[in-house]
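Summary of the model geometry
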Number of protein chains: 2
Amino acid sequence: MAKAYVASVGFTKIGDHWESSLLDLAVEASMKALKAAGGMAPEQVFVGNMFSSYGANQEHLGALLASAIGLKNVPAVKVEAACSSGASAFNIAYSLVKAGAIDSALVVGVEKMRDLEPEAVSQALAMAESAEYTQFVGATFAALNGLLARYYMEKMGVERDELSSIPVIDHTNAVTAEHAQFRKAITPDVVARSAMVADPLRLFDCAPVGDGAAAVVLVSDRRAAEAKGRLAEVLGGAISTTEFSVYERKDMLRFEATEKAFEEAMKRAGLPRGKVDFVELHDAFSVVGALSLEAMGFSKKGMGAKDAKSGRYRLNGELPINTFGGLKARGHPVGATGVYQIAEAYMQLTDMAGKNQVKDAEYGVTQNIGGVDTTSAVHVFGRAG
Amino acid sequence: MAKAYVASVGFTKIGDHWESSLLDLAVEASMKALKAAGGMAPEQVFVGNMFSSYGANQEHLGALLASAIGLKNVPAVKVEAACSSGASAFNIAYSLVKAGAIDSALVVGVEKMRDLEPEAVSQALAMAESAEYTQFVGATFAALNGLLARYYMEKMGVERDELSSIPVIDHTNAVTAEHAQFRKAITPDVVARSAMVADPLRLFDCAPVGDGAAAVVLVSDRRAAEAKGRLAEVLGGAISTTEFSVYERKDMLRFEATEKAFEEAMKRAGLPRGKVDFVELHDAFSVVGALSLEAMGFSKKGMGAKDAKSGRYRLNGELPINTFGGLKARGHPVGATGVYQIAEAYMQLTDMAGKNQVKDAEYGVTQNIGGVDTTSAVHVFGRAG
């Protein structure tokens, strides 16, 4: 098996990009990543995106991007798996590099959400759920996660301020993250007093709506010398799926897709859980962050939010999470999010994280969810040996 | 390198499926293919689809299908590359099997087009072209191909009845194809007198609008014995892309994506062109069929339509094309088409093609285009050794 490395990253700030099209954002991130890799031409292009057709009347993003950045005669496709599109695109590229099928790839995640009215964003996101059942009854993603949060709090005895601790960590870390959408620290009180979205979830429990694109260049050991940037090794990775809708599952508080993807990724990496130095978590809602930490075994059942409150997951804690602000504060341009997480893990493991640097970070995990943990794509990264 | 085989196929008839949802169609095709493979559980699921969000408010098709057919804890994603989504999904699965990353996969192409009004179908298909440039001026796919057909006929001296010969072959072959949308033979006169769509292209130059799903089970040599169906070997395959819009290209009559994908796929297969016994062609418009035959070198420049008229490409000719009716008569449910082509190649090479059997067929090629040959995915198949 070949070794696989992230050789460079590039991304846009997340937020309102009224002046840029979907393609403009993808081109900007790609050109930054390709330049940082010394201008090497990747063999294949993978674009992660969820709803370009809904949001921009555009499909065929693979060829559109390849052509726009001047790559000719390359294979180029879009990969979609709802909000886990970005990491799923990365996973396929990584699997091909690891297996020796290709020696380099450009992986780009992109989403343009701010051109849509809020109701349209809700509808676009709801496409991650079944059109025939869940959408049909009018359940939005916030509604589903609200029900889940209510159940979690009741069953596990989780308090409001414990749940708030996850968005508080995110906002604290984002203050010094240049690409983050919201660079403002908050207190648990701000979360508790923010507008109700889907009881008990409030505005500050929920990831915001933003535009953004992130890109990474992947290389095998055979082409690593050619890339001019610092390297971080991809040690393992896996995608897993489970029963499609949360209400179909025996235990709704078990994030089985994340559990299985994490297990498999760590097994491939040959890494025990205790070696992980930081986690980029898919906390689209505070409750999703808590349940994800539990699914990966970093917190015991029912302890995800409580551990967050204890300080364990702060940037200077035992196991920092969301080192640049996570989905809540860095932002969540859905199809791009997984690639932002990978770019952030790369920065941590190449000492390019600036004020957000996790001290002595050797290994990091990224976790990217589609649906209510219907799909989960987990990757494990380490310093290049 | 492992060997890769198609172990079974399954598909729906193409046409109006008012009673079935997008998911119903994908499930039907998948269950047929899995049953034909002896009930084996594939390791990974790939769904090719272009516009489920536009047509059915549905994304996240990978997990949706995996969950619906009872596959748990498997990786599952959607792959999109406009009308070449089906073969692109297959190509990624095949590349992973070939490289030894996985030993089995289910590849499903699905599209539901008939729920949309005709104008909406035009808009959905136009998403294969640039929203900012081509869609913006109101050019539909038929319009772009009409301009191309006019240029081709003028420059190469191609006559109306020569161009008509491609749809005539399609309709002739579809008469005995049970899954075909239109099972009715036509004459060149029927094409020439049909309604004008985009001068000079008439109704019978253009692939119809239909619903359908096709599935194939892919296995490596390590799991081939486990699959109960007959085997056809995947000898080679490639995706290529070129300048995004046809008007950006130096030579608009050169289908460079198909040319390069074909060259690469044949090189990987180690097969000279002369050994090919039949071709499943992406003739979304008659002119596209002609230019594709020229790009792959089966006809000389300007001779694609003329050779079709000569009889060379008939089912009993020197090199049969579209042995079950091609895009014009078998039908073109866009994201599914590439998988239908592969299923048809499988049937030819396992002697399951019935009245459409190409005598002594040893090798076949499938070619699936996205855009006006912006993306092309070509695969080469042979009898299992």
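Higher on the page you've got the structure.
Residues numbered from 1 in each chain as written. Chains lettered and ligands numbered in written order. Predicted model: local features only at pLDDT ≥ 70, side-chain atom pairs only at ≥ 80, totals over all residues. Heavy atoms only, no water.

**A look at the relation of the copies chain A and chain B**
Quick reminder of the rule: In this comparison the copies share one frame, found by least squares on the C-alpha atoms of residues holding pLDDT of at least 70 in both. Contacts were defined at the residue level, with two residues in contact if any of their heavy atoms lie within 4.5 Å.
For the match of chain A to chain B, the screw axis carries a shift of 0.0 Å, the RMSD comes to 0.0 Å, and the turn is 180 degrees. Seen this way, the second copy is the image of the first under a two-fold rotation axis. Minimal C-alpha separation from the rotation axis in chain A is found for V79(A), amounting to 2.4 Å. Here 100% of the interface residues in chain A have copies in chain B that are interface residues too; the copies meet face to matching face.

**Details of the packing of aromatic side chains**
All names here are of chain B. Basically, it comes down to this: Centres within 6.5 Å make a pair out of two Phe, Tyr or Trp rings, where for Trp the six-membered ring is used; the pair is then stacked when the planes are under 30 degrees apart, edge-to-face when over 60, and tilted otherwise. Elements are defined by DSSP. Helices are runs of H or I of four residues or more, strands are runs of E of two residues or more, and each kind is numbered from the N terminus. A simple rule labels every residue: compare its accessible area, found with a 1.4 Å probe on the protein chains alone, to the largest value its type can have, and call it buried under 20%, exposed over 50%, or partly exposed in between.
Using the criterion set out here, one finds eight aromatic pairs over all chains in the structure. With 5.4 Å between their ring centres and 70 degrees between their planes, F262 and F298 make a pair best called edge-to-face. Note that F262 is positioned in helix 9 (residues 256–269) and F298 in the loop between helix 10 (286–295) and helix 11 (304–310), a separation of 36 residues in sequence. Across the pair, exposure class does not vary: F262 and F298 are buried alike.

**As for the nonpolar core**
Proteins that are soluble and globular tend to have nonpolar side chains buried together. Our working definition: In this description, a nonpolar core means a group of buried Ala, Val, Leu, Ile, Met, Phe, Trp, Tyr and Cys residues linked to one another through side-chain atoms lying within 4.5 Å.
Counting residues in hydrophobic clusters, the biggest one holds 92 residues, and the most contacted among them are F46(A), F90(A), F46(B) and F90(B). When sequence neighbours within four positions are dropped, the list of residues in contact with F46(A) reads V77(A), V79(A), A89(A), I92(A), A93(A), L96(A), I102(A), A105(A), L106(A), V107(A), V108(A) and I92(B).

**Examining the packing of helix 6 (residues 141–156) of chain B against helix 10 of chain B**
Residues and elements named next belong to chain B. Under the convention used in this document: In this analysis, axes come from line fits to C-alpha atoms, helices being fitted only over the stretch in contact, and the angle between any two N-to-C directions falls in the range 0 to 180 degrees. Orientation is classified from the angle alone, with under 35 degrees giving roughly parallel, over 145 giving roughly antiparallel, 65 to 115 giving roughly perpendicular, and any other angle giving oblique. For a crossing to be left-handed, the near helix must be turned anticlockwise from the far one by less than a right angle; the clockwise case is right-handed. Note on residue classes: Ala, Val, Leu, Ile, Met, Phe, Trp, Tyr, Cys and Pro are nonpolar, Asp, Glu, Lys and Arg are charged, and everything else, Gly too, is polar.
Here helix 6 crosses helix 10 at 60 degrees, and the two axes come no closer than 9 Å. Between helix 6 and helix 10, the interaxial angle falls into the category oblique. Crossing of helix 6 over helix 10 shows left-handed handedness. Contacts between helix 6 and helix 10 involve N145, L148, A149 and Y152 from the first element and V287, V288, A290, L291 and E294 from the second. Residue classes in the contact of helix 6 with helix 10 are distributed as seven nonpolar, one polar and one charged.

**Considerations on the interface of chain A and chain B**
In plain terms, the rule: Summed over both partners, buried area is the accessible surface (1.4 Å probe) that two parts give up on being assembled. Here a salt bridge means any side-chain nitrogen of Lys or Arg lying within 4 Å of a carboxyl oxygen belonging to Asp or Glu.
Counting residues at the interface gives 54 residues for chain A, matched by 54 residues for chain B. Taken together, both faces of the contact between chain A and chain B bury some 4,200 Å²; the carbon and sulfur share is 54%. Our count for the contact surface shared by chain A and chain B stands at four salt bridges. E243(A) serves as the salt-bridge partner of K72(B), at 3.2 Å between the closest nitrogen and oxygen.

**Some words on the pairing of strand 8 (residues 232–241) of chain A**
All names here are of chain A. Which entries qualify depends on this criterion: Here, a strand pair is defined by DSSP locating no fewer than two bridges between the strands.
Most of strand 8 sits inside the fold, with 10 of its 10 residues counted as buried. Of the strand pairs in this sheet, strand 1 (residues 4–11) and strand 8 are connected by three bridges, and their pairing is antiparallel. In the sheet register, V6 faces strand 8, and the bridge partner there is A232.

**A closer look at the side chain of E233(A)**
Relative to the helices and strands, E233(A) is located in strand 8. Not counting chain neighbours up to four residues away, the residues in contact with E233(A) comprise K3(A), A4(A), Y5(A), V380(A), F381(A), G382(A), R383(A), A384(A) and G385(A).

**A word on helix 7 (residues 160–174) of chain A**
Residues and elements named next belong to chain A. Heads up, the condition is: For a helix, the expected span equals 1.5 Å multiplied by the residue count minus one. Bend angle per residue: angle between axes fitted to the 7 residues ending at that residue and the 7 residues starting there.
A rise of 1.5 Å per residue sets the reference length of helix 7, with its 15 residues, at 21 Å; its end C-alpha atoms lie 22 Å apart and thus fit the reference within 8%. Of all the bends in helix 7, the greatest, near 30 degrees, is centred on I166, and the proline P167 appears no more than four residues after it. Counting buried positions along helix 7 gives 13 out of 15 residues, so the element sits mostly inside the fold.

**Details of the layout of surface pockets**
This is how it is decided: Buriedness for pockets is judged along seven lines, at least five of which must meet protein on both sides within 12 Å for an open set on the 1 Å grid over protein atoms alone, while cavities are sets there where a 1.4 Å probe fits but cannot get out, and lining residues have an atom within 4 Å of a point. Grid points are joined across faces, edges and corners, and a volume is the space filled by probe spheres set on the points.
Approximately 830 Å³ is the volume attributed to the largest pocket. The wall of the largest pocket is formed by 37 residues, among which C206(B), A207(B), P208(B), V209(B) and F285(B) lie closest to the centre. Put simply, the parts of the chain that give the lining of the largest pocket at least two residues each are helix 5 (118–126), helix 6 and strand 10 (363–370) of chain B. Among the elements that line the lining of the largest pocket, the one with the most residues is helix 5 of chain B, at four residues. Here the residues of the lining of the largest pocket are counted per class, giving 24 nonpolar, nine polar and four charged. For the second largest pocket, the lining is made up of 31 residues, of which C206(A), A207(A), P208(A), V209(A) and F285(A) are closest to its centre. Put simply, the parts of the chain that give the lining of the second largest pocket at least two residues each are helix 5 (118–126) and helix 6 (141–156) of chain A. Considering each element in turn, the lining of the second largest pocket owes the most residues, four residues, to helix 5 of chain A. Counted by class, the lining of the second largest pocket contains 22 nonpolar, seven polar and two charged residues.

**So, the pattern of salt bridges**
Taken as a whole and assessed by the stated rule, the structure comprises 50 salt bridges over all chains. R114(B) serves as the salt-bridge partner of D16(B), at 2.5 Å between the closest nitrogen and oxygen. Of this pair, D16(B) sits in the loop between strand 1 (4–11) and helix 1 (22–36) while R114(B) sits in the loop between strand 4 (104–111) and helix 5, placing them 98 residues apart in sequence. Linking R383(B) and D351(B) is a salt bridge whose minimum nitrogen-to-oxygen distance equals 2.8 Å. Note that R383(B) is positioned in strand 11 (residues 375–383) and D351(B) in the loop between helix 13 (334–349) and strand 10, a separation of 32 residues in sequence. With a relative accessible area of 25%, R383(B) lands in the partly exposed category. Shared partners join several salt bridges into a network, and the residues in it are K72(A), E243(B), R254(B), E256(B) and E259(B).

**Looking at the side chain of T242(B)**
By the secondary structure assignment, T242(B) is in the loop between strand 8 (232–241) and helix 9. On the accessibility criterion, T242(B) (2% relative accessible area) is buried. For T242(B), the contacting residues outside a window of four places in its chain are S67(A), K72(A), R249(B), E256(B), A257(B), D373(B) and T374(B).

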